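Spelled out from the first residue to the last, the chains are:
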Amino acid sequence: MSVTAQHARQSEAPREGEAVLEAEHLRKVFPVNQFNPFAARLGVHAVEDASFTLYAGRVTALVGESGSGKTTIARMLAGVYPPTSGTIRLHGKPVNLKGGRERHEFRRQVQLVFQDPFGSLNPVHTIRYILSRPLRVFGHARSGAEVSDRVMALLQRVSLVPVDQFIQKYPHQLSGGQRQRVSIARALAAQPEVLLADEPVSMLDVSIRLQILNLLLRLKEEEHLALLYITHDIASARYFADETLVMYAGQMVEGGPGEEITQNPKHPYTQLLLSAAPDPDRLEEGGGLRKLPERRGEIPSLIHPPSGCRFHPRCPYAMEVCKQRFPKTTDLGNGHWTNCYLYGDGGTNLSGTPVVDAAAIRATNMTATAAKEGDNSGNGTGEGKV
Amino acid sequence: MIQSPVANNPDRAQTDLLLSVNNVSVDYLAGSGVVHAVNDVSFTLKRGEILGLAGESGCGKSTLAYAVARMLRPPAYITGGQVLYYPRSRLDEKGSRLASSLSLARSKQHGGNGARRPIADDEALEPVDVLQMGAEELRSFRWSELSIVFQSAMNALNPVMNIGRQITDVLRAHRPQMGPDERKQRALELLRLVGIAPDRITSYPHQLSGGMRQRAIIAIALALNPELIIMDEPTTALDVVVQREILTEIIRLREEFGFSVIFITHDLSLLLELADKVAIMYAGRIVEKAANRDLYRHPRHPYSYGLLHSFPSLHGPRTKAGGIPGSPPDLRAIPSGCPFHPRCPLVFSPCSEVRPELAPSTAATPQQLVACHLSNPTYRPEGPPTQEELGEGYRALLERSQLR
């Protein structure tokens, strides 16, 4: 395809498996509006110490509940929000997002696909105009005829055929799936190396979702794109991604090959996420809804997050040490790692078995919870009660 | 604690039926033509049963449920059919006998003496056609017999009233004989039931998280101890963990009070775990209706198969899947014959001409109804397609669509 050839000429296409975008110790604190000028400054601690790498031709999935900081990470990587601290490297070079040509070039290479295809396309413009903007802004096409050719090629690549029917349409004339294809085409128009897809299918109908994911997979193969796939659906991460990272309340808790994470989850939060995911296979295992582990609750407030590991108020295996300090990363072998004291504190633990007596801790915690609930029966899932 | 009238009464076969929907059709009179949102749909619901309605958006599942509740407003019109509701006498929340609010309203309206006759506990009363109810009957039918949990927890609550007030509002409107203290007691009891701390009764919706708002809405739906609750995508906006908690709660409350549920969602994998029976809708018709296990093990309609395989699995081999190519039809011009035929991987000659009717898929599974010519021995003597054939059909379709 001519577009691909041209792309290869413009910037040398990265080889498969090459590190493209690296995030190192990213942190983001959003300031909170306060009325008292003398009070201590408050902030929403949205992301704490996130480090990972996106590789060319590979999909990395970022999984977590809403409020876990997934979107904040995507927006930092796309240069929408400046990180509070930490560095982003593109091809090994730290990125300067202050402005000027460098930021322009970064924006070309790193593109974002938004969650809501109903809100991310300007309703007053035609598809042709929407797709022509990145082409002109990044200087990929200059004359009107060139723009038309490119727009047609883009629509063809995202399988919006017949092309001449779609080119003059407005977003409201398209279905959700077709709109999301347009947003993907718009991201591709810049000829990026990194595509950040922020829940690209969660607003779409179930029967359409896989089509969009397959389209992204095909484009990734064709272009050697480095893809970050943000989702709350761990089953689709397993289907789609090579590597999966699990986040909870702004902290990365577990990561590794997708298959490892879903079949052999180590961190208690990943286990909770998996047990909560809908899974009709359970019908065969005796049926009925599986009971959730005890000690439930919701993501804590990120203005005053729990100390140490932020999962400890909900964790059935919480220990004293969990409240004091966030554990170091323990390597479990095969690229699988977790931040959890159950498996050690830093270093390697290739067997992946808990280093402490998990069953005993769980039993103690359960009796403690039962005693607490005895005093205060019917205590709801309180916010701010940490 | 409220005594459930359903729980301990085994010998009431004739009162088991709660709702019988017969040939209901709903049209929207839009400026650009008539949208046939629901076409000739029939189903029955037993007491204490959870019926799942699944399908893509725009297949008519919400319209159908709102038609049952008589909640549709113009331009939607119910153009035909019958919704028979089988009321029975039962105890109200306070334990005093409520000789079915329906028959009371009816006797008031018609000046009859139905309510004066002593009514035995759990006695089945004459079925009522919901679609023929007058305003007063409808008023007593809604919420005390049938209540609804609306889709978006974020918008269904009034932002300027605290949740306690919103719960007591229901009681004030429907149980005028209750005093303020009684109402408050009942509100506290309801909050406890759905797992909200009683001190939250004075909280406003914005002070609650999404999951708690959804619980509060469920509490409002339970306020009058209804026989039937329609739940329209109650967990779609929620996170998986919270979603699971809410569903566990619904199951527990169902066991305690024995109400029936019509559960609407597009998430078939969730529905299979939750519902007893599942009806799959496509283009305003039910295309397959079966017990959850049957549907999971052997979906007979190609659409059900496609929908079921649109979800990546958490176990087993990672296979390439493609969803269902194409998009749902325009309900102003539904394709002739089987509405699914333009997207179907196993389409053959009769599909575009003759509309299939719901019929048992095989003689061995009389409970699994499917509207598909593939299961009709007249057109296909070898019986319904096997799972391998369906899978092969979708694989071929996927390859063809990728070549394009």
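Residues numbered from 1 in each chain as written. Chains lettered and ligands numbered in written order. Predicted model: local features only at pLDDT ≥ 70, side-chain atom pairs only at ≥ 80, totals over all residues.

To continue, consider the overall build of chain A. Scanning chain A from N- to C-terminus turns up 13 helices and twelve strands. Every one of the 386 residues in chain A was classed for burial, and the buried ones make up 45%. (Helix = DSSP H or I, 4+ residues; strand = E, 2+ residues; numbered from the N terminus. Buried ≥ 20, exposed ≤ 12 C-beta atoms within 10 Å, placed from the backbone.)

How big an interface is tends to be stated in terms of accessible area lost as the parts join. Residues and elements named next belong to chain A. Annotation of chain A at the domain level lists domain 1 (2–31 + 43–241) and domain 2 (258–374). Taking only C-alpha atoms, the centre of domain 1 and the centre of domain 2 are 32 Å apart. Contacts between the two partners involve twelve residues from domain 1, matched on the other side by ten residues from domain 2. Elements with a minimum of two residues in the side of domain 1 that touches domain 2: strand S2 (43–55) and helix H9 (234–240). Examining the composition of the side of domain 1 that touches domain 2, we find that four residues originate from one element, H9, more than from any other. In the side of domain 1 that touches domain 2, the residues fall into seven nonpolar, three polar and two charged. (Domains from an automatic or database assignment. Contact = placed C-beta atoms within 7 Å. Nonpolar A, V, L, I, M, F, W, Y, C, P; charged D, E, K, R; others polar.)

Taken together, the 41 residues of chain A in the interface contact 46 residues of chain B. Sorting the residues of the side of chain A that touches chain B by element identifies helix H8 (206–223), H9 and helix H11 (268–276) of chain A as the ones contributing at least two each. In terms of residues, the side of chain A that touches chain B owes the most to one element, H8 of chain A, which gives seven residues.

With omega at 15 degrees, the peptide bond leading from Pro74 of chain B into Pro75 of chain B counts as cis. Here Pro75 of chain B is to be found in the loop between helix H1 (61–68) and strand S4 (76–85). Not every positive phi belongs to a glycine, and His25 of chain A is a case in point at roughly 50 degrees. Residue placement: His25 of chain A occurs in strand S1 (residues 19–31). When the 12 C-beta atoms within 10 Å are taken as the criterion, His25 of chain A is described as exposed. Look at Ala283 of chain B: it is not a glycine, yet its phi comes out positive at around 50 degrees.

This part is about the sheet that holds strand S5 (residues 93–94) of chain A. All names here are of chain A. One open sheet accounts for four strands, arranged S2-S1-S4-S5; its pairing is antiparallel. Each having just a single partner strand, S2 and S5 make up the two edges of the open sheet. In the sheet, S1 pairs with strand S4 (residues 85–90) via five bridges, with the strands oriented antiparallel. The partner of Glu24 across the bridge, within S4, is Thr87. The strands that helix H2 (residues 70–77) touches are S1, S2 and S4; relative to S1, the one it contacts most, it runs at about 120 degrees. (Pairing = 2+ DSSP bridges. Axes fitted to C-alpha atoms, helices over the stretch in contact; angles between N-to-C directions.)

It is worth spelling out the pairing of strand S2 (residues 33–46) of chain B at this point. Residues and elements named next belong to chain B. Summarising the sheet, strand S1 (residues 17–30) and S2 pair through ten bridges and their orientation is antiparallel. Following the sheet pairing, Leu29 is matched in S2 by Val34. Between S1 and S2, which pair antiparallel in sequence order, lie two residues.

What follows covers the packing of H11 of chain A against helix H7 (residues 240–257) of chain B. In a pair of packed helices, the angle between the axes and the distance between the axes together describe the arrangement. Close contact between H11 of chain A and H7 of chain B brings their axes to 8 Å; oriented N to C, the two are set at 50 degrees. With respect to their mutual orientation, H11 of chain A and H7 of chain B come out oblique. Here the hand of the crossing between H11 of chain A and H7 of chain B comes out left-handed. The segment H11 of chain A lies against H7 of chain B, with Leu272, Leu273 and Ala276 of chain A engaging Val240, Val241 and Arg244 of chain B. (Parallel < 35°, antiparallel > 145°, perpendicular 65-115°, else oblique. Left-handed = near helix turned anticlockwise from the far one by under 90°.)

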